[in-house]
Amino acid sequence: MKLAYVIYTYDRIHDALVQMEIVRHLWEKKFGKIEIIHVYNWEDEWYPQKTLEDYLLKISNPWHFEGASNLIDEWIKKALELDCDYVVVSASDTWLIDEIFIHEKVKLMENESKFLFTCPWWNPEMNNPQDVWFATDFFILDANWENKNNTFPLRYADFREKHLELLRYLWKWNVMVERLFFSRFLTACNKDVNENSLKSYALSKILLFNERTPVHYTNDWKRTKEFPEIWLYMNHEMEEKKEMLNNRWIVLWKYTEMYKNWNFIKN
């Protein structure tokens, strides 16, 4: 099976570089050549040209939620042009290091005809799928199905402007990207079945990433930073990831070594 791998980055370039090395030096042992697409929307001078990625896409950054959604949308134009079976989409600071684990999950998607691998974006008090689907910081999508059914683009800004009055009526100011993702997925599944079968069909086509739940461990959305049993690390603090890399004796290539030896300045 062939993978395209999308990394989307605002300013966490150091995390993106290590993640590219994870793909090149670990994932490619199981999958062979992987096409890496890097989507970036911060300052051009901080990352002027590509390094380990095959494609570097640069876009403008309107603001946090819309900016993150636009980064995810941008990959679709390039990824679906490639000859691939599955597309992995990952935020730059989300590292899944265990290539055997992820290879087994992709094989399971293939064997069980699952279109999407992700998990609910929940916390202990908000765990109804209607409220919290889907995690967008890491997911895998069946490329052939997506080419036909079109979950993406999410078109965050269009959705917000179209429903702005309703959002204000409901006393909400932002569109939740995770819920919009789920809504677009349902619409895509609706091309395969009628409304009566939509709910059960859509849920049957999701391979849940149960190993990374709960995503948030408190009611005020404190994120679970790591799941060491599956080598999944999402720490925002570089010092925490540096400690993990050194403690686990992970050796990849030059950017990982630079990260491990970074001298941090504390305020």
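Below is a summary of the structure that appears in this document. (Residues numbered from 1 in each chain as written. Predicted model: local features only at pLDDT ≥ 70, side-chain atom pairs only at ≥ 80, totals over all residues. Heavy atoms only, no water.)

## So, the sheet that holds strand β5 (residues 95-96)
Under the convention used in this document: Whether two strands pair depends on DSSP finding at least two bridges between them. Helix and strand assignments come from DSSP, with helices taken as H or I runs of at least 4 residues and strands as E runs of at least 2, each series counted from the N terminus.
Spatial ordering of the open sheet is given by β5-β10-β9, a layout of 3 strands whose pairing is antiparallel. With one partner strand each, in any of the chains shown, β5 and β9 (226-227) form the two edges of the open sheet. As judged from the 2 bridges shared by β9 and strand β10 (residues 232-233), these two strands associate in the antiparallel manner. Across the sheet, residue Glu226 finds its bridge partner in β10, namely Tyr233.

## Describing the nonpolar core
Grouped burial of nonpolar side chains is what soluble globular proteins tend to show. Rules: Here, nonpolar core means buried Ala, Val, Leu, Ile, Met, Phe, Trp, Tyr and Cys residues that are tied together by side-chain atoms lying within 4.5 Å of each other. For the exposure calls, accessible area comes from a 1.4 Å probe over protein chains only, and a residue counts as buried if that area is under 20% of its type's maximum, exposed if over 50%, partly exposed in between. For this analysis, residues touch if any pair of their heavy atoms sits within 4.5 Å.
Grouped together as the largest cluster of nonpolar side chains are 48 residues, with contacts concentrated most on Tyr5, Trp27, Phe138, Ile140 and Phe209. In terms of residue count, helix α1 (residues 13-31) provides more of this core than any other element does, 10 residues in total. Sequence-distant contacts of Ile140, that is, excluding residues within four places in its chain, are made with Tyr86, Val87, Val88, Ile102, Val106, Met109, Phe115, Leu116 and Phe117. Within the second largest apolar cluster, 42 residues are counted, among which are Ile76, Tyr156, Val193 and Ala202.

## Brief notes about the packing of α1 against helix α3 (residues 99-112)
In a packed pair of helices, the relevant descriptors are the angle between the two axes and the axis-to-axis distance. As a reminder of what qualifies: In this analysis, axes come from line fits to C-alpha atoms, helices being fitted only over the stretch in contact, and the angle between any two N-to-C directions falls in the range 0 to 180 degrees. To sort the angles, those under 35 degrees are grouped as roughly parallel, those over 145 as roughly antiparallel, those from 65 to 115 as roughly perpendicular, and the leftovers as oblique. Throughout, a crossing is termed right-handed when the near helix is turned clockwise from the far one, and left-handed when it is turned anticlockwise from it by less than a right angle. Gly is placed with the polar residues, together with every amino acid not listed as nonpolar (Ala, Val, Leu, Ile, Met, Phe, Trp, Tyr, Cys and Pro) or charged (Asp, Glu, Lys and Arg).
Packing of α1 against α3 brings their axes to within 9 Å, and their N-to-C directions diverge by 40 degrees. Here α1 is positioned oblique relative to α3, judged by the angle of their axes. The crossing of α1 and α3 is right-handed. On α3, the residues that touch Leu26, Trp27, Lys30 and Phe31 of α1 are Glu99, Ile102, His103 and Val106. A breakdown of the residues in the contact of α1 with α3 according to their chemical character gives 5 nonpolar, 1 polar and 2 charged.

## Concerning the packing of aromatic side chains
Heads up, the condition is: When two rings of Phe, Tyr or Trp (its six-membered ring) have centres within 6.5 Å they constitute a pair, described as stacked for plane angles under 30 degrees, edge-to-face for angles over 60, and tilted for the intermediate range. Consider the ring centre and the ring normal. A charge sits over the ring if Lys NZ or Arg CZ is within 6 Å of that centre and within 35 degrees of that normal.
According to the stated counting rule, one finds 21 aromatic pairs in the structure shown. Ring-pair connections join several aromatic residues into one group, and the members of that group are Phe115, Trp133, Phe134, Phe139, Trp145, Phe152, Phe181, Phe182, Phe185 and Tyr201. Stacked on the ring of Trp95, the Lys or Arg Lys241 has its end atom at 4.3 Å from the ring centre. The ring of Trp231 has Arg248 lying over it, and the distance from NZ or CZ to the ring centre is 3.8 Å.

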